[in-house]
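Below are the chains, spelled out letter by letter.
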Amino acid sequence: MELTVEIKGNSRVIHLIGNMDVHNTHRIEQAFMDHIRKATESNIVLDMSNVEFVSSAGLRVIVGSLRVCKEREIQLKLAALRPAVRKVFEIIDMDSLFKIYDTVDSSLQ
């Protein structure tokens, strides 16, 4: 699992690359949370276009990031979820917790 970050206007876009499972989520969790905690932008967009699988460990990281964003009054948006990942969010009703966009560009508008 890797992540890269770019700033686009008032949004910090975090590009996630790889599967978010118990074997690799711990490697990026601290860096991921550090980016959220130091963000000065009003939006954080998680670009999940390169994530094919999210386990409960990955969901825990995403939900934890939502909590930190709410504490900092930052809006967390999820973008470009692959169909299998989006289905996981829908099955466990987590799609009601997050603003989900089809593309990163649509999340920036």
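Here is what the cut-offs are and how they apply
Residues numbered from 1 in each chain as written. Predicted model: local features only at pLDDT ≥ 70, side-chain atom pairs only at ≥ 80, totals over all residues. Heavy atoms only, no water. Salt bridge = Lys/Arg side-chain N within 4 Å of Asp/Glu carboxyl O. Helix = DSSP H or I, 4+ residues; strand = E, 2+ residues; numbered from the N terminus. Buried < 20%, exposed > 50% of the residue type's maximum accessible area, 1.4 Å probe, protein only. Pairing = 2+ DSSP bridges. Right-handed = clockwise from strand over helix to strand, strands pointing away. UniProt positions renumbered as here; feature names shortened; annotations may be inferred. Expected span 1.5 Å × (residues − 1). Contact = heavy atoms within 4.5 Å. Polar contact = N/O pair within 3.5 Å; in protein donor to acceptor, adjacent residues only side chain to side chain.

Undergrad: Would you mind showing me how to read the pattern of salt bridges here?
TA: Under the criterion given, the structure shown has 6 salt bridges. In this structure, the salt-bridge partner of R86 is E90, at a minimum N-O distance of 3.5 Å. With R86 and E90 both in helix α3 (residues 83-91), this residue pair falls 4 residues apart, about one helical turn. Among the residues examined, R86 registers a relative accessible area of 26% and is labelled partly exposed. With a relative accessible area of 38%, E90 lands in the partly exposed category. We note a salt bridge from D102 to R86, for which the minimum N-O separation is 3.7 Å. Of the two residues, D102 is situated in the loop between β5 (99-101) and α4 (104-107) and R86 in helix α3; the sequence distance between them amounts to 16 residues. In the salt-bridge network here, residues are joined through shared partners; they are R86, E90 and D102.

Undergrad: Any chance you could explain the pairing of strand β2 (residues 11-17) here in plain terms?
TA: Walk down a regular strand and you will see the side chains alternate between the two sheet faces. Burial of β2 is extensive: 6 of the 7 residues sit out of reach of the surface. As paired strands, strand β1 (residues 2-8) and β2 are joined by 7 bridges and run antiparallel to one another. Directly across from I7, in β2, lies its bridge partner R12. Following β1, the chain reverses through 2 residues before pairing antiparallel with β2; G9 in that reversal takes a positive phi of roughly 65 degrees. You can see the chain leave β2, run along helix α1 (residues 25-38) and come back into strand β3 (residues 43-50), and the turn it takes is right-handed.

Undergrad: Explain the UniProt feature "domain: STAS" (unreviewed entry) in the chain here, please?
TA: UniProt feature "domain: STAS" (unreviewed entry): in the numbering of this structure it lies at residues 1-109. Here residues 1-109 is 39% helix and 28% strand, with 28 Å between the C-alpha atoms at its ends.

Undergrad: I would appreciate a short explanation of helix α2 (residues 56-71) in the present structure.
TA: Structurally, the α-helix is built with 3.6 residues per turn, so residues lying three or four positions apart point the same way. The end-to-end C-alpha separation of α2 is 23 Å, in line with the 22 Å expected for 16 residues at 1.5 Å each. Along α2, the positions that sit buried rather than exposed are A57, G58, L59, V61, I62, G64, S65, L66, V68 and C69. Summarising the contacts, the buried residues of α2 are in contact with α1, β3, β4 (75-79) and α3. Of the residues flanking the start of α2, the one acting as N-cap is S55, its side-chain oxygen 3.2 Å from the backbone nitrogen of A57. The first or second residue beyond α2 is E73, which carries a positive phi of 60 degrees.

Undergrad: Help me out: how do you make sense of the environment of I14 in this one?
TA: Structurally, the position occupied by I14 is in strand β2. Along the sequence, I14 and V85 sit 71 residues apart, while their C-alpha atoms lie 17 Å from each other. In this view, I14 contacts L3, T4, V5, F32, H35, I36, I44, V45, L46 and D47; residues no more than four positions away in its chain are not counted.

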